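Observations on the three-dimensional arrangement
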Amino acid sequence: MNEIRKAMRDKKRIVVKIGSSSLQHAQTGDLDYIRLDVLVRELCNIKNQGKDVVLVTSGAIAQGRKAVHMTAAQMQENPVAVKQACAAVGQARLMMTYQKIFAEYNQVAAQILMTRHTVDDDNNRQNAQNTFEELFKMGVIPIVNENDTVATHEIGIGDNDTLSAVVASMIGADLLILLSDIDGLYTDDPHSNPEAVFVEVVKRLDDSLMRMGKGSTGSQVGTGGMSTKLGAAKIATAGGADMIIANSADIRILHRIMDGRNYGTLFLADPDTGFDLSAFLAKMHEGKES
Ligand code: GLU
C-alpha cells in the first residue's frame, strides 16, 4: 500500500460532501433510502473510530421541490423565491430523514446552515467555529448545508463543493472527501476524449491544473462541476486538508479510502497561511457572473 494513502488511516477530522444526484433515484428524484442508509452507516463507522466527522449534504431544493410537486418549468417562472421556498421545505425533510437514520446507529446529528457571511464576518465565523468545536466535544455529527432560504446570489457560497472546502478549512479538518459522479480528475473530459488520463495524486495545484476543470459533470441536479471541485481543492489544501474526489456509485468507497486504499484523486494539503478565503470566494463569484 502506498505511504501517502496509508496516511488516510491517521486522519482525525473528516468532512464528507455528497450531492443531490447521489442521494436520489434518477428516475423520480425521490430519496434513495438505501444509499442514504449506507452513507450514514459509513459516517457512523468513522465516528466510532474516535474521529470527528462532518457531513455536507445538498438535496434541500431537490427534496422541497418534490414535496410540493413543483415542476422544472414552474421552478423557472420565479427561480429565486421558488427555490428558496423549496429549500425551506426540503431542508427540514432532509434533516428529519438524516436524524432518523443517525439515531438508528446511536449517533446524534446537528444542523448547521451557513452563508458567505459565515466566512466574511469575523464574529459570525468565530461563532460557527465555536459551535463546531462544542459539537465535536459532545460527540455530535454536524450536518451542513448552505442556508438556501436566505442566501441570495450576493451572499451565497453557491455550491456545496465550495461550501465543504470552506467548512474543512474553517474547522481545521485534515481530510475532505467529495463524493461525486466521476472517479476523480482526468487530464481532459473522459466522456468526450478517450485519451484522457486519470490523475491519481495532485501534489500542487498550479494554473495548468486549474484549467483542466471543465464547466460541468453533465449532472442535471446539483451545481458542482470539475472547475468548482478544483476551486474547492484550492481552498481545502491551502487550509491544510488533503482532499479526495471519489465516485459515489458505491458509497462504501468511504471506508476503503479511510483504510488507505487507492480510490479517487488525492490532492495533498499545501498549507498557505497567506491564503485569503474571502477574496478567493469573491473572485470565484465574479467568474460565475461573467
Ligand atoms: N444547497 C443546495 C441544496 O441543498 C445544493 C447546492 C449544491 O448541490 O451544490 O439543494
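Residues numbered from 1 in each chain as written. Predicted model: local features only at pLDDT ≥ 70, side-chain atom pairs only at ≥ 80, totals over all residues. Heavy atoms only, no water.

1. Let's talk about the overall build of the chain
Test applied: Numbered from the N terminus, helices here are DSSP runs of H or I no shorter than four residues, and strands are runs of E no shorter than two. We compute the radius of gyration over the C-alpha atoms and compare it with the globule rule, which gives 2.2 Å times the number of residues raised to the power 0.38. For every residue, the accessible area obtained with a 1.4 Å probe (protein chains only) is divided by the maximum for its type, and the residue is called buried under 20%, exposed over 50%, and partly exposed between those limits. Whether two residues are in contact is decided by their heavy atoms: any pair within 4.5 Å suffices. His residues and chain termini do not enter the charge count, which takes Lys and Arg as positive and Asp and Glu as negative. One atom stands in for each charge, and that atom is NZ of Lys, CZ of Arg, CG of Asp or CD of Glu.
When helices and strands are counted, the chain shows twelve helices and ten strands. A compact globule built from 290 residues would reach a C-alpha radius of gyration of about 19 Å, and the chain, at 18 Å, matches this within 12%. Considering only C-alpha atoms, the chain reaches an extent of 50 × 45 × 40 Å along its principal axes. Sorting the 290 residues of the chain into buried and exposed places 50% on the buried side. Expressed as a percentage of contacts within the chain between residues at least 6 apart in sequence, the contacts between residues at least 24 apart total 75%. Charge-centre separation for the chain: the mean point of 30 positive side chains lies 5 Å from the mean point of 36 negative side chains.

2. What about the pattern of salt bridges?
The following threshold applies: Any Lys or Arg side-chain nitrogen found within 4 Å of a carboxyl oxygen on Asp or Glu counts as a salt bridge.
All told, the structure shown has 15 salt bridges when counted by the stated rule. One salt bridge in this structure joins Glu-133 and Arg-13, with 2.7 Å as the shortest N-O distance. Within this pair, whereas Glu-133 is found in helix H7 (residues 122–138), its partner Arg-13 is found in strand E1 (residues 13–18), the two being separated by 120 residues in sequence. A salt bridge links Asp-270 to Arg-204; the nearest nitrogen and oxygen atoms lie 3.0 Å apart. Taken together, the residues span a long stretch of sequence, with Asp-270 in the loop between strand E10 (265–267) and helix H12 (277–289) and Arg-204 in the loop between strand E8 (201–202) and helix H9 (207–212) at a distance of 66 residues. Take Asp-270: its relative accessible area is 23%, and that puts it in the partly exposed class. Given the relative accessible area of 55%, Arg-204 is considered exposed. Connected through salt bridges with shared partners, the residues Arg-13, Asp-52 and Glu-133 form a single ionic network.

3. Section: the packing of helix H2 (residues 33–47) against helix H5 (residues 79–104)
Definition in use: To get an axis, a line is fitted to the C-alpha atoms, and for a helix only the part in contact is used. The angle between two axes follows their N-to-C directions and goes from 0 to 180 degrees. Working rule for angles: under 35 degrees goes down as roughly parallel, over 145 as roughly antiparallel, 65 to 115 as roughly perpendicular, anything else as oblique. Handedness of a crossing is defined here by the sense of rotation of the near helix relative to the far one, left-handed for an anticlockwise turn of less than a right angle and right-handed for a clockwise turn.
At a minimum axis distance of 9 Å, the contact between H2 and H5 shows a crossing angle of 50°. As far as their axial angle goes, H5 and H2 are oblique. Judged by the sense of rotation from one axis to the other, the crossing of H2 with H5 is right-handed. Seen from H2, the contacting residues are Tyr-33, Leu-36, Asp-37, Leu-39, Val-40, Leu-43 and Cys-44; seen from H5, they are Thr-97, Tyr-98, Ile-101, Phe-102 and Glu-104.

4. Observations concerning H5
Filter applied, for reference: Under the convention used throughout, the expected extent of a helix is 1.5 Å for every residue step, that is, one less than its residue count.
Here H5 is 26 residues long and its end C-alpha atoms lie 36 Å apart, about the 38 Å a rise of 1.5 Å per residue gives. Listing the buried residues of H5 in full gives Val-82, Gln-84, Cys-86, Ala-87, Gly-90, Gln-91, Leu-94, Met-95, Thr-97, Tyr-98, Ile-101 and Phe-102.

5. Here we look at the packing of aromatic side chains
To keep things clear, this is the line we draw: Between the rings of Phe, Tyr and Trp (Trp by its six-membered ring), a pair exists once the centres lie within 6.5 Å; its type follows the angle of the planes, with under 30 degrees stacked, over 60 edge-to-face, and the other angles tilted.
Overall, the coordinates contain four aromatic pairs when judged by the stated rule. A centroid spacing of 5.1 Å and a plane angle of 70° characterise the contact between Tyr-186 and Phe-198, whose relative ring orientation is edge-to-face. Of the two residues, Tyr-186 sits in strand E6 (residues 185–186) while Phe-198 sits in strand E7 (residues 198–199), which places them twelve residues apart along the sequence. Judged by relative accessible area, which is 17%, Tyr-186 ranks as buried. Relative accessible area serves as the criterion here: at 29%, Phe-198 is assigned to the partly exposed category. When the ring of Phe-275 is compared with that of Phe-280, the centres are 5.2 Å apart and the planes differ by 50°; the resulting orientation is tilted. Accessibility expressed as a relative area gives 21% for Phe-275, which makes it partly exposed.

6. Thoughts on the sheet that holds E1
Basically, it comes down to this: We treat two strands as partners when DSSP finds at least two bridges between them.
Reading across the sheet, the eight strands line up as E3-E4-E2-E1-E5-E9-E10-E8 and stay open at both edges, with mixed pairing between neighbours. Pairing within the sheet leaves two strands with one partner each, and these edge strands are strand E3 (109–114) and E8. Two elements, E1 and strand E2 (residues 52–57), share six bridges in a ladder whose sense is parallel. Residue pairing in the sheet places Val-16 in a bridge with Leu-55 of E2. Each of strand E5 (175–180), strand E9 (242–247) and E10 is contacted by helix H10 (residues 226–238), which is oriented at about 150° to E9, the strand it contacts most.

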